[in-house]
Amino acid sequence: MSNKHVLVVDDETNMRRVLEIMLQRMGYCTDSVENGVAALEFLDTRDTDLVISDLKMPVLGGLGLLEKLRAGGNDVPVIVITAHGTVESAVEAMKLGAFDYLLRPFDVDALNLAIRRVFAAGEVLRQNQFLREELDRGWGGLIGSSEPMRQVYEQIKQVAPTRTGVMILGETGTGKELVARAIHRESERSDRLFVPINCAAIPADMMEAELFGFDKGAFTGAVRDRVGKFELANGGTIFLDEITEMPIALQSKLLRVLQEQTVERLGSNRTLELDLRVIAATNRRPQDAVRDQRLREDLYYRLNVFAIELPPLREHPHDISLLVEHFVAEHGGRRARLTPRALDHLQRYAWPGNIRELSNMIERALVLTRGDTLDVEHFPLAASTAAHPVTGASSTSTPPPDLSLGLEHAVEALESRMIRSALEQTEGNKTKASALLGISERSMWYKLKKYGLN
Ligand SMILES: Nc1ncnc2c1ncn2[C@@H]1O[C@H](COP(=O)(O)OP(=O)(O)OP(=O)(O)O)[C@@H](O)[C@H]1O
Ligand SMILES: [Mg+2]
(Lines give C-alpha, C1' and ligand atoms only; values in the text may rest on other atoms or scores of the structure.)
(Ligands and ions follow the chains in the order given, each with its own letter.)
Protein backbone atom coordinates (compact mmCIF):
# COMPACT_ATOMS: atom_id res chain seq x y z
CA MET A 1 0.00 0.00 0.00
CA SER A 2 2.87 2.32 0.62
CA ASN A 3 6.59 2.43 0.55
CA LYS A 4 6.83 5.09 3.18
CA HIS A 5 9.70 4.81 5.63
CA VAL A 6 9.04 5.25 9.31
CA LEU A 7 11.77 5.49 11.90
CA VAL A 8 10.98 4.37 15.44
CA VAL A 9 13.07 5.91 18.22
CA ASP A 10 12.74 4.28 21.65
CA ASP A 11 15.16 3.05 24.26
CA GLU A 12 13.05 0.02 25.16
CA THR A 13 13.70 -2.91 22.88
CA ASN A 14 10.23 -4.35 23.39
CA MET A 15 8.51 -1.10 22.60
CA ARG A 16 10.52 -0.74 19.41
CA ARG A 17 9.58 -4.24 18.38
CA VAL A 18 5.87 -3.78 19.07
CA LEU A 19 5.75 -0.50 17.20
CA GLU A 20 7.63 -1.88 14.24
CA ILE A 21 5.24 -4.78 13.98
CA MET A 22 2.22 -2.49 14.15
CA LEU A 23 3.70 -0.24 11.48
CA GLN A 24 4.67 -3.09 9.20
CA ARG A 25 1.14 -4.47 9.39
CA MET A 26 -0.06 -1.07 8.25
CA GLY A 27 2.22 -1.46 5.26
CA TYR A 28 5.09 0.84 6.17
CA CYS A 29 8.80 0.10 5.94
CA THR A 30 10.39 0.55 9.32
CA ASP A 31 13.71 1.00 11.04
CA SER A 32 14.41 1.63 14.67
CA VAL A 33 17.11 3.15 16.81
CA GLU A 34 17.49 3.46 20.57
CA ASN A 35 18.01 7.19 21.17
CA GLY A 36 18.08 10.66 19.69
CA VAL A 37 21.74 10.66 18.78
CA ALA A 38 21.37 7.44 16.82
CA ALA A 39 18.24 8.90 15.18
CA LEU A 40 20.12 11.99 14.03
CA GLU A 41 22.84 9.83 12.53
CA PHE A 42 20.28 7.67 10.80
CA LEU A 43 18.29 10.62 9.45
CA ASP A 44 21.44 12.21 8.13
CA THR A 45 21.86 9.54 5.53
CA ARG A 46 18.51 7.85 5.04
CA ASP A 47 15.33 9.19 3.49
CA THR A 48 12.61 8.98 6.10
CA ASP A 49 8.99 10.05 5.82
CA LEU A 50 8.08 10.00 9.47
CA VAL A 51 9.73 9.70 12.86
CA ILE A 52 7.88 8.22 15.83
CA SER A 53 9.85 8.98 18.93
CA ASP A 54 9.67 8.33 22.63
CA LEU A 55 10.27 11.41 24.76
CA LYS A 56 12.34 10.05 27.62
CA MET A 57 15.51 8.37 26.50
CA PRO A 58 19.03 8.40 27.84
CA VAL A 59 21.64 10.21 25.73
CA LEU A 60 19.24 12.36 23.71
CA GLY A 61 15.49 12.40 24.34
CA GLY A 62 12.62 13.27 22.02
CA LEU A 63 12.66 17.00 22.76
CA GLY A 64 16.38 17.26 22.13
CA LEU A 65 15.97 15.28 18.94
CA LEU A 66 13.27 17.63 17.71
CA GLU A 67 15.32 20.66 18.59
CA LYS A 68 18.38 19.39 16.75
CA LEU A 69 16.37 18.32 13.72
CA ARG A 70 14.67 21.68 13.31
CA ALA A 71 17.88 23.59 14.02
CA GLY A 72 19.52 21.58 11.26
CA GLY A 73 16.72 22.45 8.85
CA ASN A 74 15.26 18.95 8.75
CA ASP A 75 11.48 19.19 8.81
CA VAL A 76 10.62 15.49 8.74
CA PRO A 77 7.29 15.06 10.57
CA VAL A 78 7.64 13.72 14.10
CA ILE A 79 5.03 12.06 16.28
CA VAL A 80 6.08 11.81 19.92
CA ILE A 81 4.95 9.17 22.35
CA THR A 82 4.54 10.05 25.96
CA ALA A 83 3.30 8.54 29.19
CA HIS A 84 0.24 9.91 30.94
CA GLY A 85 2.10 11.76 33.67
CA THR A 86 4.15 13.82 31.24
CA VAL A 87 1.67 15.69 29.13
CA GLU A 88 3.65 18.90 29.68
CA SER A 89 6.53 17.54 27.69
CA ALA A 90 4.14 16.50 24.93
CA VAL A 91 2.94 20.07 24.77
CA GLU A 92 6.55 21.18 24.77
CA ALA A 93 7.20 18.83 21.86
CA MET A 94 4.32 20.35 19.90
CA LYS A 95 5.84 23.77 20.46
CA LEU A 96 9.12 22.48 19.10
CA GLY A 97 7.36 21.37 15.96
CA ALA A 98 6.13 17.83 16.58
CA PHE A 99 3.21 17.01 14.33
CA ASP A 100 1.24 15.17 16.98
CA TYR A 101 1.63 13.20 20.15
CA LEU A 102 0.27 9.91 21.37
CA LEU A 103 -0.38 9.12 25.00
CA ARG A 104 0.73 5.71 26.19
CA PRO A 105 -0.98 3.28 26.17
CA PHE A 106 -2.37 3.84 22.72
CA ASP A 107 -4.00 1.41 20.38
CA VAL A 108 -3.38 0.64 16.73
CA ASP A 109 -6.24 2.86 15.62
CA ALA A 110 -4.89 5.94 17.35
CA LEU A 111 -1.48 5.30 15.85
CA ASN A 112 -2.93 4.70 12.42
CA LEU A 113 -4.98 7.87 12.51
CA ALA A 114 -2.08 10.03 13.65
CA ILE A 115 0.09 8.66 10.85
CA ARG A 116 -2.58 9.09 8.23
CA ARG A 117 -2.99 12.71 9.20
CA VAL A 118 0.73 13.28 8.74
CA PHE A 119 0.75 11.72 5.31
CA ALA A 120 -2.50 13.35 4.21
CA ALA A 121 -1.09 16.81 4.94
CA GLY A 122 2.18 15.95 3.24
CA GLU A 123 0.32 14.62 0.23
CA VAL A 124 -1.53 17.87 -0.32
CA LEU A 125 1.68 19.88 -0.19
CA ARG A 126 3.27 17.54 -2.69
CA GLN A 127 0.28 17.66 -5.01
CA ASN A 128 0.58 21.41 -4.96
CA GLN A 129 4.11 21.22 -6.12
CA PHE A 130 2.84 19.22 -9.04
CA LEU A 131 -0.11 21.50 -9.68
CA ARG A 132 2.12 24.52 -9.58
CA GLU A 133 4.24 23.01 -12.26
CA GLU A 134 1.10 22.41 -14.28
CA LEU A 135 0.11 26.05 -13.77
CA ASP A 136 -3.20 24.67 -12.65
CA ARG A 137 -3.69 26.67 -9.51
CA GLY A 138 -6.99 28.10 -10.44
CA TRP A 139 -8.61 30.07 -13.15
CA GLY A 140 -9.60 33.60 -14.07
CA GLY A 141 -7.93 35.23 -11.07
CA LEU A 142 -9.49 32.69 -8.73
CA ILE A 143 -7.26 30.30 -6.85
CA GLY A 144 -8.33 26.73 -6.17
CA SER A 145 -8.18 23.41 -7.96
CA SER A 146 -10.70 21.45 -5.92
CA GLU A 147 -13.80 19.97 -7.47
CA PRO A 148 -16.18 22.62 -6.04
CA MET A 149 -13.99 25.40 -7.45
CA ARG A 150 -13.68 23.67 -10.81
CA GLN A 151 -17.46 23.61 -10.98
CA VAL A 152 -17.50 27.35 -10.36
CA TYR A 153 -15.04 27.88 -13.22
CA GLU A 154 -17.23 25.77 -15.50
CA GLN A 155 -20.28 27.84 -14.61
CA ILE A 156 -18.43 31.10 -15.24
CA LYS A 157 -17.29 29.85 -18.65
CA GLN A 158 -20.84 28.81 -19.50
CA VAL A 159 -22.54 32.02 -18.55
CA ALA A 160 -19.90 34.61 -19.41
CA PRO A 161 -20.53 34.81 -23.18
CA THR A 162 -24.29 35.28 -22.73
CA ARG A 163 -26.23 38.33 -21.57
CA THR A 164 -28.06 36.42 -18.87
CA GLY A 165 -28.41 37.93 -15.43
CA VAL A 166 -26.40 36.10 -12.81
CA MET A 167 -26.98 35.65 -9.12
CA ILE A 168 -23.90 34.85 -7.06
CA LEU A 169 -24.52 33.23 -3.70
CA GLY A 170 -22.17 32.37 -0.91
CA GLU A 171 -21.10 33.23 2.60
CA THR A 172 -19.06 36.32 3.28
CA GLY A 173 -15.52 36.21 1.92
CA THR A 174 -16.06 33.33 -0.49
CA GLY A 175 -15.08 35.38 -3.53
CA LYS A 176 -18.39 36.60 -4.93
CA GLU A 177 -16.98 39.86 -6.22
CA LEU A 178 -14.01 38.07 -7.74
CA VAL A 179 -16.40 35.78 -9.61
CA ALA A 180 -18.46 38.73 -10.85
CA ARG A 181 -15.31 40.31 -12.23
CA ALA A 182 -14.27 37.04 -13.85
CA ILE A 183 -17.63 36.78 -15.61
CA HIS A 184 -17.22 40.30 -16.96
CA ARG A 185 -13.65 39.67 -18.04
CA GLU A 186 -14.58 36.51 -19.88
CA SER A 187 -17.49 38.15 -21.66
CA GLU A 188 -17.64 40.11 -24.91
CA ARG A 189 -18.21 43.17 -22.77
CA SER A 190 -14.76 43.05 -21.23
CA ASP A 191 -13.67 46.20 -23.05
CA ARG A 192 -16.51 48.13 -21.42
CA LEU A 193 -16.92 49.01 -17.78
CA PHE A 194 -17.53 46.74 -14.84
CA VAL A 195 -19.41 48.93 -12.37
CA PRO A 196 -19.71 47.57 -8.84
CA ILE A 197 -22.26 48.96 -6.43
CA ASN A 198 -22.40 47.87 -2.84
CA CYS A 199 -26.03 48.31 -1.89
CA ALA A 200 -25.15 47.97 1.79
CA ALA A 201 -22.72 50.86 1.65
CA ILE A 202 -24.93 53.50 -0.01
CA PRO A 203 -27.56 55.24 2.14
CA ALA A 204 -31.01 54.12 1.00
CA ASP A 205 -32.17 57.63 0.13
CA MET A 206 -29.18 58.25 -2.13
CA MET A 207 -29.25 54.97 -3.96
CA GLU A 208 -31.81 55.93 -6.56
CA ALA A 209 -29.87 59.03 -7.62
CA GLU A 210 -26.71 56.97 -7.63
CA LEU A 211 -28.19 54.35 -9.96
CA PHE A 212 -30.31 56.53 -12.23
CA GLY A 213 -28.36 59.77 -12.23
CA PHE A 214 -30.14 63.13 -12.40
CA ASP A 215 -30.48 66.29 -14.38
CA LYS A 216 -29.59 69.64 -12.91
CA GLY A 217 -32.50 70.89 -10.81
CA ALA A 218 -34.14 67.49 -10.38
CA PHE A 219 -34.15 68.09 -6.63
CA THR A 220 -32.58 70.49 -4.18
CA GLY A 221 -28.87 69.84 -4.27
CA ALA A 222 -28.86 68.64 -7.88
CA VAL A 223 -26.69 71.51 -9.00
CA ARG A 224 -25.39 69.82 -12.08
CA ASP A 225 -26.19 66.83 -14.28
CA ARG A 226 -24.97 63.56 -13.04
CA VAL A 227 -24.51 60.26 -14.85
CA GLY A 228 -26.04 57.29 -13.04
CA LYS A 229 -24.40 53.91 -12.62
CA PHE A 230 -26.78 52.29 -15.10
CA GLU A 231 -25.64 54.70 -17.79
CA LEU A 232 -22.05 54.35 -16.75
CA ALA A 233 -22.24 50.58 -17.09
CA ASN A 234 -23.99 50.77 -20.45
CA GLY A 235 -22.52 48.19 -22.79
CA GLY A 236 -20.76 46.61 -19.84
CA THR A 237 -21.70 44.96 -16.57
CA ILE A 238 -23.28 46.33 -13.43
CA PHE A 239 -22.58 44.40 -10.25
CA LEU A 240 -25.17 44.85 -7.52
CA ASP A 241 -23.49 43.58 -4.41
CA GLU A 242 -25.64 42.75 -1.39
CA ILE A 243 -28.76 43.16 -3.46
CA THR A 244 -31.00 42.35 -0.49
CA GLU A 245 -29.96 45.67 1.08
CA MET A 246 -31.52 47.63 -1.78
CA PRO A 247 -34.81 49.27 -0.71
CA ILE A 248 -37.72 47.21 -1.96
CA ALA A 249 -39.27 50.15 -3.85
CA LEU A 250 -36.04 50.65 -5.73
CA GLN A 251 -35.97 46.94 -6.54
CA SER A 252 -39.18 47.40 -8.60
CA LYS A 253 -37.55 50.23 -10.51
CA LEU A 254 -34.49 48.10 -11.09
CA LEU A 255 -36.68 45.32 -12.42
CA ARG A 256 -38.27 47.70 -14.88
CA VAL A 257 -34.85 48.87 -16.08
CA LEU A 258 -33.82 45.28 -16.64
CA GLN A 259 -36.98 44.33 -18.47
CA GLU A 260 -37.15 47.39 -20.68
CA GLN A 261 -33.43 48.02 -20.98
CA THR A 262 -34.03 51.73 -20.83
CA VAL A 263 -33.31 54.33 -18.18
CA GLU A 264 -34.33 57.90 -17.45
CA ARG A 265 -32.34 60.19 -15.23
CA LEU A 266 -34.25 61.65 -12.31
CA GLY A 267 -35.89 64.90 -13.37
CA SER A 268 -35.44 64.14 -17.05
CA ASN A 269 -37.80 62.79 -19.66
CA ARG A 270 -35.13 61.66 -22.04
CA THR A 271 -35.08 57.90 -22.34
CA LEU A 272 -31.76 56.21 -22.87
CA GLU A 273 -31.48 52.78 -24.49
CA LEU A 274 -29.39 50.44 -22.41
CA ASP A 275 -27.46 47.32 -23.10
CA LEU A 276 -26.78 46.19 -19.61
CA ARG A 277 -25.77 43.01 -17.99
CA VAL A 278 -26.61 42.60 -14.33
CA ILE A 279 -24.81 40.45 -11.85
CA ALA A 280 -26.11 40.45 -8.29
CA ALA A 281 -24.71 38.93 -5.15
CA THR A 282 -25.87 38.18 -1.66
CA ASN A 283 -24.61 36.27 1.32
CA ARG A 284 -28.14 35.57 2.50
CA ARG A 285 -30.19 32.66 1.32
CA PRO A 286 -32.29 34.25 -1.41
CA GLN A 287 -35.41 32.24 -0.56
CA ASP A 288 -35.21 33.58 2.99
CA ALA A 289 -34.68 37.10 1.72
CA VAL A 290 -37.80 36.77 -0.44
CA ARG A 291 -39.75 35.43 2.52
CA ASP A 292 -38.53 38.29 4.72
CA GLN A 293 -39.40 40.80 1.99
CA ARG A 294 -35.85 41.96 1.54
CA LEU A 295 -35.82 40.76 -2.04
CA ARG A 296 -38.69 41.09 -4.50
CA GLU A 297 -39.72 37.71 -5.74
CA ASP A 298 -40.01 38.79 -9.39
CA LEU A 299 -36.55 40.38 -9.27
CA TYR A 300 -35.19 37.25 -7.69
CA TYR A 301 -36.56 35.09 -10.53
CA ARG A 302 -35.20 37.50 -13.09
CA LEU A 303 -31.70 37.42 -11.59
CA ASN A 304 -31.71 33.83 -10.58
CA VAL A 305 -31.88 32.60 -14.17
CA PHE A 306 -28.33 31.56 -13.59
CA ALA A 307 -27.12 31.12 -10.03
CA ILE A 308 -23.57 30.40 -8.99
CA GLU A 309 -23.15 29.21 -5.45
CA LEU A 310 -19.68 29.58 -3.99
CA PRO A 311 -18.64 26.90 -1.53
CA PRO A 312 -17.62 27.91 1.98
CA LEU A 313 -13.88 27.41 2.46
CA ARG A 314 -14.40 24.58 4.97
CA GLU A 315 -15.97 22.58 2.15
CA HIS A 316 -12.85 22.76 0.01
CA PRO A 317 -10.02 22.63 2.55
CA HIS A 318 -7.68 21.11 -0.03
CA ASP A 319 -7.42 24.50 -1.69
CA ILE A 320 -6.01 26.05 1.45
CA SER A 321 -2.37 25.39 0.68
CA LEU A 322 -2.63 26.91 -2.80
CA LEU A 323 -4.44 29.89 -1.36
CA VAL A 324 -1.81 30.29 1.35
CA GLU A 325 0.92 30.33 -1.23
CA HIS A 326 -1.00 32.89 -3.26
CA PHE A 327 -1.54 35.17 -0.27
CA VAL A 328 2.05 34.79 0.94
CA ALA A 329 3.21 36.08 -2.43
CA GLU A 330 0.57 38.78 -2.41
CA HIS A 331 1.19 40.07 1.10
CA GLY A 332 4.85 39.55 1.65
CA GLY A 333 6.50 38.80 -1.62
CA ARG A 334 8.76 36.60 0.48
CA ARG A 335 9.04 32.88 0.28
CA ALA A 336 7.46 31.47 3.41
CA ARG A 337 6.54 27.85 3.59
CA LEU A 338 3.67 26.27 5.49
CA THR A 339 4.58 23.27 7.64
CA PRO A 340 2.43 20.15 7.20
CA ARG A 341 1.33 20.56 10.79
CA ALA A 342 0.16 24.12 10.22
CA LEU A 343 -1.67 23.06 7.08
CA ASP A 344 -3.42 20.36 9.05
CA HIS A 345 -4.53 22.99 11.57
CA LEU A 346 -5.78 25.36 8.92
CA GLN A 347 -7.66 22.56 7.21
CA ARG A 348 -9.50 21.73 10.39
CA TYR A 349 -10.62 25.27 11.13
CA ALA A 350 -14.17 26.26 10.19
CA TRP A 351 -13.33 29.61 8.49
CA PRO A 352 -16.49 31.59 9.21
CA GLY A 353 -14.93 34.49 7.25
CA ASN A 354 -13.85 32.14 4.47
CA ILE A 355 -11.10 33.14 2.03
CA ARG A 356 -10.97 36.74 3.24
CA GLU A 357 -10.30 35.48 6.75
CA LEU A 358 -7.55 33.21 5.45
CA SER A 359 -5.98 36.11 3.62
CA ASN A 360 -6.03 38.25 6.77
CA MET A 361 -4.63 35.43 8.81
CA ILE A 362 -1.72 34.95 6.43
CA GLU A 363 -0.96 38.63 6.57
CA ARG A 364 -0.79 38.41 10.36
CA ALA A 365 1.25 35.19 10.30
CA LEU A 366 3.82 36.83 8.04
CA VAL A 367 4.27 39.53 10.64
CA LEU A 368 4.62 36.98 13.42
CA THR A 369 7.12 34.70 11.76
CA ARG A 370 10.70 35.75 11.64
CA GLY A 371 11.92 32.77 9.69
CA ASP A 372 10.70 31.37 6.44
CA THR A 373 8.26 28.82 7.82
CA LEU A 374 4.69 29.39 8.86
CA ASP A 375 3.85 27.05 11.70
CA VAL A 376 0.92 26.53 14.03
CA GLU A 377 2.00 29.23 16.48
CA HIS A 378 1.83 31.85 13.73
CA PHE A 379 -1.89 31.24 13.39
CA PRO A 380 -3.13 32.00 16.89
CA LEU A 381 -6.78 31.99 15.96
CA ALA A 382 -6.60 28.87 13.86
CA ALA A 383 -4.58 27.11 16.52
CA SER A 384 -6.90 27.88 19.38
CA THR A 385 -10.04 27.14 17.45
CA ALA A 386 -8.69 24.33 15.32
CA ALA A 387 -11.08 21.47 15.01
CA HIS A 388 -13.93 23.89 14.90
CA PRO A 389 -17.22 22.29 13.97
CA VAL A 390 -17.76 21.85 10.28
CA THR A 391 -21.19 23.34 10.55
CA GLY A 392 -20.33 26.96 9.97
CA ALA A 393 -21.45 29.75 12.22
CA SER A 394 -22.80 31.91 9.46
CA SER A 395 -24.71 29.40 7.39
CA THR A 396 -28.39 29.51 7.94
CA SER A 397 -29.08 25.82 7.56
CA THR A 398 -27.19 22.91 8.98
CA PRO A 399 -25.27 21.23 6.17
CA PRO A 400 -24.69 17.49 6.31
CA PRO A 401 -21.56 16.65 8.29
CA ASP A 402 -18.31 16.70 6.34
CA LEU A 403 -17.33 13.06 6.37
CA SER A 404 -13.82 13.83 5.16
CA LEU A 405 -13.10 15.23 8.60
CA GLY A 406 -13.27 11.75 10.08
CA LEU A 407 -15.13 10.82 13.23
CA GLU A 408 -12.26 11.53 15.57
CA HIS A 409 -11.72 15.09 14.35
CA ALA A 410 -15.42 15.77 14.38
CA VAL A 411 -15.68 14.56 17.96
CA GLU A 412 -12.68 16.68 18.90
CA ALA A 413 -14.34 19.66 17.29
CA LEU A 414 -17.46 19.22 19.36
CA GLU A 415 -15.44 18.54 22.48
CA SER A 416 -13.40 21.71 22.20
CA ARG A 417 -16.51 23.73 21.47
CA MET A 418 -18.31 22.38 24.53
CA ILE A 419 -15.31 23.09 26.70
CA ARG A 420 -15.08 26.63 25.46
CA SER A 421 -18.71 27.27 26.08
CA ALA A 422 -18.52 25.72 29.56
CA LEU A 423 -15.62 28.04 30.33
CA GLU A 424 -17.56 31.01 29.07
CA GLN A 425 -20.53 30.11 31.24
CA THR A 426 -18.37 29.72 34.32
CA GLU A 427 -16.28 32.78 33.55
CA GLY A 428 -13.17 30.69 33.15
CA ASN A 429 -13.54 28.72 36.39
CA LYS A 430 -12.06 25.36 35.41
CA THR A 431 -13.40 23.51 38.45
CA LYS A 432 -16.96 24.62 37.75
CA ALA A 433 -16.56 24.04 34.04
CA SER A 434 -15.41 20.46 34.54
CA ALA A 435 -18.33 19.85 36.92
CA LEU A 436 -20.66 21.26 34.29
CA LEU A 437 -19.29 18.87 31.71
CA GLY A 438 -19.19 15.94 34.10
CA ILE A 439 -15.48 15.29 33.73
CA SER A 440 -12.68 15.23 36.25
CA GLU A 441 -10.55 18.31 36.75
CA ARG A 442 -7.57 16.30 35.68
CA SER A 443 -9.09 15.37 32.38
CA MET A 444 -10.25 18.96 31.96
CA TRP A 445 -6.68 20.10 32.42
CA TYR A 446 -5.48 17.62 29.85
CA LYS A 447 -8.10 18.65 27.32
CA LEU A 448 -7.35 22.34 27.80
CA LYS A 449 -3.77 21.64 26.83
CA LYS A 450 -4.81 19.44 23.96
CA TYR A 451 -6.96 22.16 22.43
CA GLY A 452 -4.64 25.01 23.34
CA LEU A 453 -7.31 26.59 25.52
CA ASN A 454 -5.23 27.07 28.64
N1 LIG B 1 -10.79 31.80 -5.04
C2 LIG B 1 -10.08 32.85 -4.59
N3 LIG B 1 -8.79 32.97 -4.93
C4 LIG B 1 -8.05 34.01 -4.47
N5 LIG B 1 -8.53 34.98 -3.70
C6 LIG B 1 -9.80 34.92 -3.32
C7 LIG B 1 -10.65 33.86 -3.75
N8 LIG B 1 -11.87 34.05 -3.23
C9 LIG B 1 -11.80 35.18 -2.51
N10 LIG B 1 -10.56 35.71 -2.57
C11 LIG B 1 -10.11 36.94 -1.88
O12 LIG B 1 -10.79 37.00 -0.65
C13 LIG B 1 -11.28 38.31 -0.41
C14 LIG B 1 -12.79 38.30 -0.33
O15 LIG B 1 -13.34 38.03 -1.62
P16 LIG B 1 -14.64 38.76 -2.15
O17 LIG B 1 -14.62 40.21 -1.78
O18 LIG B 1 -14.82 38.43 -3.57
O19 LIG B 1 -15.72 38.01 -1.23
P20 LIG B 1 -17.28 38.20 -1.14
O21 LIG B 1 -17.87 36.86 -1.30
O22 LIG B 1 -17.70 39.27 -2.08
O23 LIG B 1 -17.47 38.65 0.37
P24 LIG B 1 -18.63 39.59 1.02
O25 LIG B 1 -19.89 38.78 0.99
O26 LIG B 1 -18.14 39.78 2.43
O27 LIG B 1 -18.69 40.82 0.21
C28 LIG B 1 -10.74 39.16 -1.52
O29 LIG B 1 -9.52 39.73 -1.12
C30 LIG B 1 -10.51 38.19 -2.65
O31 LIG B 1 -9.47 38.62 -3.50
MG1 LIG C 1 -18.44 41.17 -1.68
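Residues numbered from 1 in each chain as written. Chains lettered and ligands numbered in written order. Predicted model: local features only at pLDDT ≥ 70, side-chain atom pairs only at ≥ 80, totals over all residues. Heavy atoms only, no water.

An unreviewed UniProt entry lists the chain under the name Sigma-54 dependent transcriptional regulator, with Banduia mediterranea given as the organism.

K.L.:
Sorry if this is basic, but what is going on with the packing of helix H13 (residues 320–331) against helix H15 (residues 354–368) here?
P.N.:
Geometrically, a packed helix pair is captured by the angle between its two axes and the distance between the axes. Their axes nearest at 9 Å, the elements H13 and H15 cross at an angle of 55°. For the element pair H13 / H15, the angle class is oblique. Crossing geometry of H13 relative to H15 is assigned as right-handed. Contacts from Ile320, Leu323, Val324, Phe327, Val328 and His331 in H13 reach Ile355, Leu358, Ser359, Ile362, Glu363 and Leu366 in H15. Tallied by class, residues from the contact of H13 with H15 come to 9 nonpolar, 2 polar and 1 charged. (Axes fitted to C-alpha atoms, helices over the stretch in contact; angles between N-to-C directions. Helix = DSSP H or I, 4+ residues; strand = E, 2+ residues; numbered from the N terminus. Parallel < 35°, antiparallel > 145°, perpendicular 65-115°, else oblique. Left-handed = near helix turned anticlockwise from the far one by under 90°. Contact = heavy atoms within 4.5 Å. Nonpolar A, V, L, I, M, F, W, Y, C, P; charged D, E, K, R; others polar.)

K.L.:
It is not clear to me how the UniProt feature "modified residue: 4-aspartylphosphate" (unreviewed entry) in the chain should be interpreted in this structure. Could you clarify?
P.N.:
Sites flagged by UniProt as "modified residue: 4-aspartylphosphate" (unreviewed entry) map to Asp54. Structurally, the position occupied by aspartate 54 is in strand E3 (residues 50–54). Of the residues examined, aspartate 54 reaches a relative accessible area of 7% and is grouped as buried. Those residues in contact with aspartate 54, other than ones at most four positions away along the chain, are Val9, Asp10, Asp11, Gly62, Ile81 and Arg104. (UniProt positions renumbered as here; feature names shortened; annotations may be inferred. Buried < 20%, exposed > 50% of the residue type's maximum accessible area, 1.4 Å probe, protein only.)

K.L.:
Just checking my understanding: could you explain a nonpolar patch on the surface for this structure?
P.N.:
A surface patch of nonpolar side chains, about 250 Å² in accessible area, is lined by Leu193, Val227 and Leu232. Overall, the relative accessible area of 43% leaves valine 227 in the partly exposed class. (Patch = residues over 30% accessible without salt bridge, like charges linked within 9 Å, V, L, I, M, F, W, Y side chains within 5 Å. Areas by Shrake-Rupley, 256 points an atom, 1.4 Å probe, with all protein chains shown as cover. Salt bridge = Lys/Arg side-chain N within 4 Å of Asp/Glu carboxyl O.)

K.L.:
What's the story with the pairing of strand E2 (residues 29–33) in this structure? I'm lost.
P.N.:
It is a general feature of regular strands that their side chains alternate between the two faces of the sheet. Both strand E1 (residues 5–9) and E2 contribute to a ladder of 5 bridges, which runs parallel. Paired with valine 6 across the bridge in E2 is threonine 30. Taken together, E1, helix H1 (residues 13–25) and E2 constitute a β-α-β crossover, and its handedness is right-handed. (Pairing = 2+ DSSP bridges. Right-handed = clockwise from strand over helix to strand, strands pointing away.)

K.L.:
I tried to follow the site of ligand 1 on my own but got confused; where do I start?
P.N.:
Residues in contact with ligand 1 amount to 16 residues; listed here are only the nearest, Ile143, Thr172, Gly173, Lys176 and Arg356. Within the backbone of glutamate 177, one N or O atom sits 3.1 Å away from an oxygen atom of ligand 1. Within the side chain of arginine 356, one N or O atom sits 2.9 Å away from an oxygen atom of ligand 1. With the chains in place, 84% of the 630 Å² that ligand 1 exposes on its own is no longer accessible. (Near = heavy atom within 4 Å. Polar contact = N/O pair within 3.5 Å; in protein donor to acceptor, adjacent residues only side chain to side chain.)

K.L.:
In this structure, what is going on with unusual backbone geometry? I would like to understand it.
P.N.:
When glycine is set aside, most residues are seen to have a negative phi, and most peptide bonds are trans. Of note, the bond from arginine 104 into proline 105 is cis; its omega dihedral lies within 30 degrees of zero at -5°. Summarising the element assignment, proline 105 is placed in the loop between strand E5 (100–103) and helix H5 (108–133). Phi is positive for glutamate 242, which is not a glycine, with a value near 55°. On the secondary structure map, glutamate 242 appears in the loop between strand E12 (237–241) and helix H10 (248–260). Assessed through its relative accessible area of 25%, glutamate 242 is described here as partly exposed.

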